[in-house]
Amino acid sequence: MLTATTSELMSLDEFVRRPSPIDGSREELVEGKVVTMPPPRFLHGQVQLNVGAVLKAFVKSGRLGRVVTESGLVTHRDPDTVRGPDVAYWSRERLPLDATVEVYPDVAADLCVEVLSPDERPRDVQQKIRDYFECGVRMVWVVDPEARSVTVYRSVSEGRLLWDDAMISGEDVLPGFACSVKELFE
């Protein structure tokens with residue numbers, strides 16, 4: 001469950017200076033308010049690593065860009081919103097390989113991946129998807145470990161559901177990438 005921890009609006013700069021929570025929880029800044037989420041469960045972490053590893057191996061082999069986990073992405077300003085996709089990919093065209101990033105890139109990711117947790121509310125996930133597309137993200141994957149499925153979004157209003165035995169591709173966002181959905185859960 002998500003909980004707001006502040007009542008006053010916080011800026012991006014103030015959010016960046018906050019110390020990391022000592023209990024391992026994660027935080028996002030949503031319209032100027034800090035939202036705290038419990039640490040991910042084991043299955044969530046396992047699937048997140050699988051997705052990140054598959055994407056990283058492909059991207060690294062062709063020096064196509066960067067893949068990160070648990071990194072912030074600024075989706076709105078004034079009031080500021082910083083989302084933390086479970087996995088994100090930036091092409092080298094959007095974020096050059098030699099660019100130094102201290103805190104958060106100043107450009108939208110090409111692909112954001114959200115791994116569902118059992119306690120996430122559908123409307124919260126839908127708002128994240130909306131935030132990603134509004135800031136310029138080109139594709140979003142919502143990975144459901146319990147259903148062993150991935151929903152691929154190319155816009156806020158349209159998702160394509162892929163099950164365990166389907167193939168998922170990078171389409172024009174990550175040309176040449178493909179793997180079985182099942183591989184993300186093994």
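Scope of this entry: the structure provided in the associated data block. (Residues numbered from 1 in each chain as written. Predicted model: local features only at pLDDT ≥ 70, side-chain atom pairs only at ≥ 80, totals over all residues. Heavy atoms only, no water.)

A few words on the overall build of the protein. Of regular secondary structure, the protein possesses 3 helices and 13 strands. The C-alpha atoms of the protein give 16 Å as radius of gyration, which agrees with the globular expectation for 186 residues (16 Å, within 12%). Dimensions of the protein along its principal axes, counting C-alpha atoms only, are 45 × 40 × 30 Å. Evaluated residue by residue, the protein yields a buried proportion of 44% over its 186 residues. Counted over contacts in the protein with a minimum sequence separation of 6, partners at least 24 positions apart contribute 56%. (Helix = DSSP H or I, 4+ residues; strand = E, 2+ residues; numbered from the N terminus. Rg over C-alpha atoms; globule rule 2.2 N^0.38 Å. Buried < 20%, exposed > 50% of the residue type's maximum accessible area, 1.4 Å probe, protein only. Contact = heavy atoms within 4.5 Å.)

Bridge count for strand 5 (residues 73–76) against strand 6 (residues 81–83) is 3 bridges, and the pairing is antiparallel. Looking at strand 6, one finds that His76 is bridged to Thr81. What sits between the antiparallel neighbours strand 5 and strand 6 is a turn of 4 residues, in which Asp78 has the positive phi angle 60°. (Pairing = 2+ DSSP bridges.)

Further remarks concern the pattern of salt bridges. The final tally for this structure, using the stated rule, is 18 salt bridges. A salt bridge links Arg26 to Glu70; the nearest nitrogen and oxygen atoms lie 3.2 Å apart. Taken together, the residues span a long stretch of sequence, with Arg26 in strand 2 (residues 26–30) and Glu70 in the loop between strand 4 (65–69) and strand 5 at a distance of 44 residues. What makes Glu70 partly exposed here is its relative accessible area of 38%. In this structure, Asp110 and Arg138 form a salt bridge, with 3.2 Å as the shortest nitrogen-oxygen distance. Here the residue Asp110 occupies a position in the loop between strand 7 (87–91) and strand 8 (111–115), and Arg138 occupies one in the loop between helix 3 (122–135) and strand 9 (139–144), the gap between them amounting to 28 residues. For Asp110, a relative accessible area of 1% gives the class buried. Beyond isolated ion pairs, a larger network of salt bridges with shared partners links Arg94, Asp110, Arg138, Arg154, Arg160, Glu171 and Asp172. (Salt bridge = Lys/Arg side-chain N within 4 Å of Asp/Glu carboxyl O.)

This part covers the packing of aromatic side chains. As enumerated under the stated definition, the model contains 2 aromatic pairs in all. An angle of 75° between the planes, with centres 5.5 Å apart, marks the rings of Phe58 and Phe177 as edge-to-face. Residue Phe58 is located in helix 2 (residues 42–61), and its partner Phe177 is located in the loop between strand 12 (167–169) and strand 13 (178–180); the two are separated by 119 residues in the primary sequence. Taking the relative accessible area as the measure of exposure, Phe177 reaches 4% and is therefore buried. Seen in terms of ring centroids, Trp141 and Phe177 are 6.1 Å apart; in terms of plane orientation they differ by 35°. Their pairing is tilted. Here Phe177 lies in the loop between strand 12 and strand 13 and Trp141 lies in strand 9, a separation of 36 residues in the sequence. By way of ring pairs, the aromatic residues Phe58, Trp141 and Phe177 are connected into one cluster. (Phe/Tyr/Trp six-rings, centres within 6.5 Å; stacked < 30°, edge-to-face > 60°.)

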